[in-house]
Each structure stands twice: as structure tokens, then as C-alpha cells.
Amino acid sequence: MALASSSTGFTSPLQVPGSSQIGACLETARQVVETRFLEAGDVLSRAVEGVGALIAGLDAIRANLDAETVAATIGELVQAAETLKSLPESLDARRDRVSELVRFSDGLAARIAEMRQHLAYLRVFAINIKITSGGIAAAGPEFAIFAQEIYDCIEMGGGQLDALNNDLMGLDHTLRGALAHEHDLAKSCATLLPAVPDALTASAAAIAEHHGRIASVAVNVAALARDVQKKVGGVLAALQVGDSTRQRIEHVQAGLRLLDDSAEIAVLDDEQRERAHAFVHRLLGAQLTAMAEDFHREVARIGHNVSGMAADAGELLRLRDLASGQGDGVETNFLRNLESNVGQALGLVGDMTAGEQAAEAVSRSAAVSARELTERIAAIQNIRADVQMMALNTTLKCSRIGETGKPLGVIAVELRAHAIHLEKSAAQTTSSLEGLFNAAEALGQREARHEGEDGKAGAAATVLSGAVARIGKAGDGVDGALDAVARQGADVVDMLRRAAGRLDFHKQIGSVLDTAANGLLDMAGDDEILTDDIAPALHPLLTKLAKHYTMAQEREVHRGLTEGLVEASAAEVQVVAAPVDDEDDVLF
């Protein structure tokens, strides 16, 4: 079959340096394809995992602020805020009660001072009786004994009064300490209220807003994740062109080796061998051209999808910033602010709770002290009765001894009068102690009722403790998740950028394929190639080459260029196989 004239001016490939250069270029391209596509696939696979981790991080943030937790925390914070605002009222009432206890204590101190003065007078009169009776012969030793008994009784009363005064001083110290604590609490309330409860209410609204933003972010992330997965799928699918390109390069390389090793072509004359080489070069050049077209098309798809993935990853990072409240470079970690506000509120509530407990302890202590002091006053009152009885007996005895007993009688009358003054002071002290006891009981009952009804500071402490625990856990979880998201997001962006750099295959591989294809086609020339006489020599090489093909397009290109050659080869075989009668028939 004549496809071209025999005078095509072919130059033997064996004499063209470009033949070996093309082989070296193809080997370089094959190695690059084998390594770079595997690297790109690995990077993209890790990028897919990174995107998944990024989404999981944002999901973790949302999980740390689930709807039920948010609703419960908001309700508790609002309730605690209202409780905090009502604390000054209970504080004022309790401070008034403690102040009342202090006033009773001040009144008791005045009564004790009076009783101490009366006992001093009684002691002087008792000594006077003893001294005066010693100068009266008719008085005898009996007056001295009475005087000593009176003196001893008064001294006993003085001891009781000293003990009473010590107890009262201890109670007064306790009451004044409690009152000072109440004043300090009032100052704290003035400083922190209503700023702290208002901040808690605002923080509760911030939680709701943040949760809504996170929910919105989650929806956007889900859509972006699907888009990223779609693009990654497209890129990974397009990366299969690397494997197919590598195989097709190997097939072209195999064709060049078969051409060099073909014994059938080697026995042809120079002109026939030139045409055979040109035919194979044209076939292999056509294979490379088709291969390069496929390669450029798929690489373009890869580049487009990778660019889209990088843009989506950047959007994911922006959403991460929105989720953390750090958009536009303004760092507003509301969770930490909220935790700080709750901590301040909890500190105030702790002080108020301590104040309630202290007031309750003071009320119990005051009530117990009032009862003990009342018992001591009763003992002093008993001493007063003994002194009055002794003074009365002294008066009676003085009347029996006549004029000489009158001085003793005057002293005894004074003794009785001052005993009556002591009785009045003791009665007033008893009344004050009863008032102290009642005020202490009222304070204690108020605190118990206050705690039983709504808990006030105690209830607020419980609410805030639960809220701050959840907020702290959420804050730590969010911080940890955001740190992980930030690192993972940066890794994803970095991986996609590196993947984009590794996917610049047009220059590294595509241009090499184009150059090799053009080189082979240049070596084949533009003229038609006469193949009738070389078809039998080409047929074994082409058959072996066809067996290497794994892609349909390779077989189509091969068939398109060798179809006529196969027919010619078959006809040649038939001609060669025809029987001849003798040697002369061959010559004619």
C-alpha cells in the first residue's frame, strides 16, 4: 500500500540526537508523574482529614453550648441577678437588727456600771458597820459578825458582777465585729450593685446570641463542608490522570525500545528502515499528543477545584473567627467576661452568705449570753436580799441597845437604801437582757425564715456555683476547641497551598509531553509514508505494542494510524505464501 513516495528525504533516527533526548525527557516526565501525583494525592487526603477535623472542632464548640445548657444557664443567671438586686434590702434589715443588739449591749454596760457603784457603796457601809460596832461596848461581837457577813456577801456580788461584765464585754466585741462586717458588706454592695447583676443579665443575653450565632455557623459550615468534599472528590478523581499518563508514557517508551530492538526492521535497507522509524515515531507522537490533551484538560480541572477548596478553607477560618467572637480583629471572648462577672457576683454572695451565717451565730451567742447573764443577775439579786435582811437585823439590834446603837442604825438604813438601788439597777439590767434575748431570737428566726423561704444569698450562691461551673467548662471546651480549630484551619490552608504548588503540572509535565510529542512528529516529518513494502516488518512491532495498551483511547489512536497498514501486511503475507512452480516464474 503506497501512502507516500519513497523519496521523502528521511533521516535515520539513529543519527538524530533528539531521539535519545526524547527518551530521557519521557523518563523524567514519568518519574515526576509517579512522585508528584502521589505527593499531591497524599496532601489532598490529609487536607480532607483536616477539613473534617475543622468541622468537628466547630461542632465541639456548639456541643459545649447545647440548647438545654444555655437555657438553664440563662434562667439561672437572670434569677441570680434578681436575687443580687434584692440583697441590699435584707442586708439593711439585718444590719438594723445587729445595731439593735449593740444598743442593748451599750445599755447593759451602763447598768453594770450602776450596779458596780452601788456595790461599792454597800462595801463602804459594811466596813463602817464593822468599825463603828467595834467602838460600842454594848454592841458586842454580834455586830462585827453581821458586818463581816454583809461584807462577804457584797464581795460575792462584786465577783458575780465582774464575771457578768467580762461576759458582756465578750458579747459586745462579737456584736461590734458583726456590725463592722455588715458595714463592709454594705460598701461592697454599693460598689458592685447593680453593675454586677446587670452584667450577669447582659451576659445571659450574650450566651443566647452566641448560641444562635454558633447554630448559624454550623449550618454554613455544613454547606461548605459538602462543597469542599465535592471539590476534593473532583480533584482526587482528576488525579487519576497521573496514573493513566504514567502508563501511557511507559507505553511510548516501550514503543521506542521495540523500535530499537526490532530484528525485522533492522534487516531492512536504509531507506525502508527510515520509513519504518518515521511511521513508528508518528504513531508514538500521536499517542503523546492525545495523552497531552487529556493531561492538560484534567490538570485544568484540578487547578480549578484546588482554588475553590482554598477559598472554602479561608471561609471556614472566617467562620471560626465569628464563632469565637474575634471577628474583625476585636477579641471579645464573652465566655471569659461572663465567668469574671459570675466570679464577682459569687464573691459578693459568698460575703453575704458569710454575713447571714455570722448573724445567725451572733443571734445564738447573744441569746445564750442573755440567759447566762440573767442567771448572774439573779444571783446578784439574791445577794441584795441577803444584804437587806442583814441590814434589817442590824437596825433591830441597834434599837435594843438604845442611844449608843443609833450610829449603827443610820448606817444600816443607808445600807438598805443602797441595796434597794442595787435592786432597781438589777431589775433594769434584767429587762435589758430580756430585750437582748428577744432581739437575738428575732434575728435568728429571721435568718432561719429567710433561708427557708427563698435562700437569698445562700440560694444565689448555689445558683451561681452551678452556672459558673458550666460556664467554666464551656469556656475551657470552647477555648480548647478554638485552639484546635485554629491550628487545624491553618494546617488545612497550608496543605491546600502546598497542594496547589505541587499541582502545577502544566510546566513540569505537560510541557515535556508537548515537547516530546512535537519532537517525535518532527522526526516523522509531514509527508505521507509509503508502507506497502515495510508492513510485514512493522507488523510484529505494532502487535507487541498494542498488547501494552490499557486505555481505550490508546487503542483508538493505534487503530486510526495502523488500520491500512494491517490490511497491507495481511495481503503481503498472502503474496509471500503463494506457491511458485519454478525459479523462472519468480523472475517474470
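Refer to the preceding data block for the structure.
All values derive from a computational prediction rather than experimental measurement. (Residues numbered from 1 in each chain as written. Predicted model: local features only at pLDDT ≥ 70, side-chain atom pairs only at ≥ 80, totals over all residues. Heavy atoms only, no water.)

Before going further, it helps to examine the overall build of the protein chain. In terms of regular secondary structure, the protein chain is built from 14 helices and zero strands. Secondary structure elements of the protein chain occur, N-terminal to C-terminal, as α-α-α-α-α-α-α-α-α-α-α-α-α-α. Looking at the protein chain residue by residue over its 588 residues, the buried ones come to 45%. Pairs at least 24 residues apart make up 93% of the contacts formed inside the protein chain by residues separated by at least 6 positions. (Helix = DSSP H or I, 4+ residues; strand = E, 2+ residues; numbered from the N terminus. Buried < 20%, exposed > 50% of the residue type's maximum accessible area, 1.4 Å probe, protein only. Contact = heavy atoms within 4.5 Å.)

Another point: helix 5 (residues 240–261). Taking 1.5 Å of rise per residue, the 22 residues of helix 5 would be expected to cover 32 Å, and the 32 Å separating its terminal C-alpha atoms lies within 8% of that figure. Counting buried positions over the 22 residues of helix 5 gives 16, a clear majority of the element. (Expected span 1.5 Å × (residues − 1).)

Computed from the structure, the largest pocket encloses a volume of approximately 170 Å³. In terms of lining, the largest pocket is formed by Val-33, Glu-34, Phe-37, Leu-38, Gly-41, Leu-239, Gln-240, Gly-242, Asp-243 and Arg-246. At five residues, the largest contribution of residues to the lining of the largest pocket is made by helix 1 (residues 17–64). The residue makeup of the lining of the largest pocket, split by class, is four nonpolar, three polar and three charged. (1 Å grid on protein atoms, 1.4 Å probe; cavity = no way out; pocket = protein on both sides within 12 Å on 5 of 7 lines; lining within 4 Å. Points joined across faces, edges and corners; volume = space filled by probe spheres on them. Nonpolar A, V, L, I, M, F, W, Y, C, P; charged D, E, K, R; others polar.)

Here the focus is a nonpolar patch on the surface. A cluster of nonpolar side chains, contributed by Met-389, Leu-392 and Leu-396, occupies part of the molecular surface with about 260 Å² of accessible area. Looking at the secondary structure, you find Leu-392 in helix 8 (residues 334–400). Overall, Leu-392 belongs to the partly exposed group, its relative accessible area being 34%. (Patch = residues over 30% accessible without salt bridge, like charges linked within 9 Å, V, L, I, M, F, W, Y side chains within 5 Å. Areas by Shrake-Rupley, 256 points an atom, 1.4 Å probe, with all protein chains shown as cover. Salt bridge = Lys/Arg side-chain N within 4 Å of Asp/Glu carboxyl O.)

With that settled, the discussion passes to the side chain of Ser-262. Among the secondary structure elements, Ser-262 is positioned in the loop between helix 5 and helix 6 (263–266). Contact partners of Ser-262, with chain neighbours within four places excluded, come to Ala-537 and Leu-541.

Tracing the backbone shows His-118 in helix 2 (residues 67–134). The class for His-118 is buried, based on a relative accessible area of 13%. Those residues in contact with His-118 that sit more than four places away from it in its chain are His-418, His-421, Leu-422 and Ser-425.

As a further point, take the pattern of salt bridges. Side chains carrying opposite charge are able to pair once their charged atoms draw close together. Evaluation of the coordinates by the stated rule reveals 14 salt bridges. With a shortest N-O distance of 2.9 Å, Arg-111 and Glu-114 are connected by a salt bridge. Note that Arg-111 and Glu-114 are positioned in helix 2 at a spacing of three residues, about one turn of the helix. Note on Glu-114: relative accessible area 28%, which makes it partly exposed. Across the pair Arg-297 and Asp-294 runs a salt bridge, and its minimum N-O distance is 2.7 Å. Of the two residues, Arg-297 and Asp-294 both sit in helix 7 (residues 270–324), three residues apart, roughly one turn of that helix. A residue is classified by how much of its surface remains accessible, and Arg-297, at 45% relative accessible area, is partly exposed. Put simply, Glu-27, Arg-30, Glu-34, Asp-243, Arg-246 and Glu-250 are held in one network by salt bridges that share partners.

Next up on the list: the packing of helix 5 against helix 12 (residues 535–548). Between helix 5 and helix 12, the least distance of the axes is 10 Å, while the angle of their chain directions is 160°. On the basis of the axis angle, helix 5 is roughly antiparallel to helix 12. For helix 5 against helix 12, the interelement crossing comes out right-handed. Touching His-251, Ala-254, Gly-255, Leu-258 and Leu-259 of helix 5 are Leu-541, Lys-544, Leu-545 and His-548, all from helix 12. Across the contact of helix 5 with helix 12, the residue classes tally to five nonpolar, three polar and one charged. (Axes fitted to C-alpha atoms, helices over the stretch in contact; angles between N-to-C directions. Parallel < 35°, antiparallel > 145°, perpendicular 65-115°, else oblique. Left-handed = near helix turned anticlockwise from the far one by under 90°.)

Below, the discussion takes up helix 12. The terminal C-alpha atoms of helix 12, which comprises 14 residues, lie 20 Å apart, in line with the 20 Å expected from a rise of 1.5 Å per residue. All buried positions along helix 12 are accounted for by Ala-535, Ala-537, Leu-538, Leu-541, Leu-542 and Leu-545.

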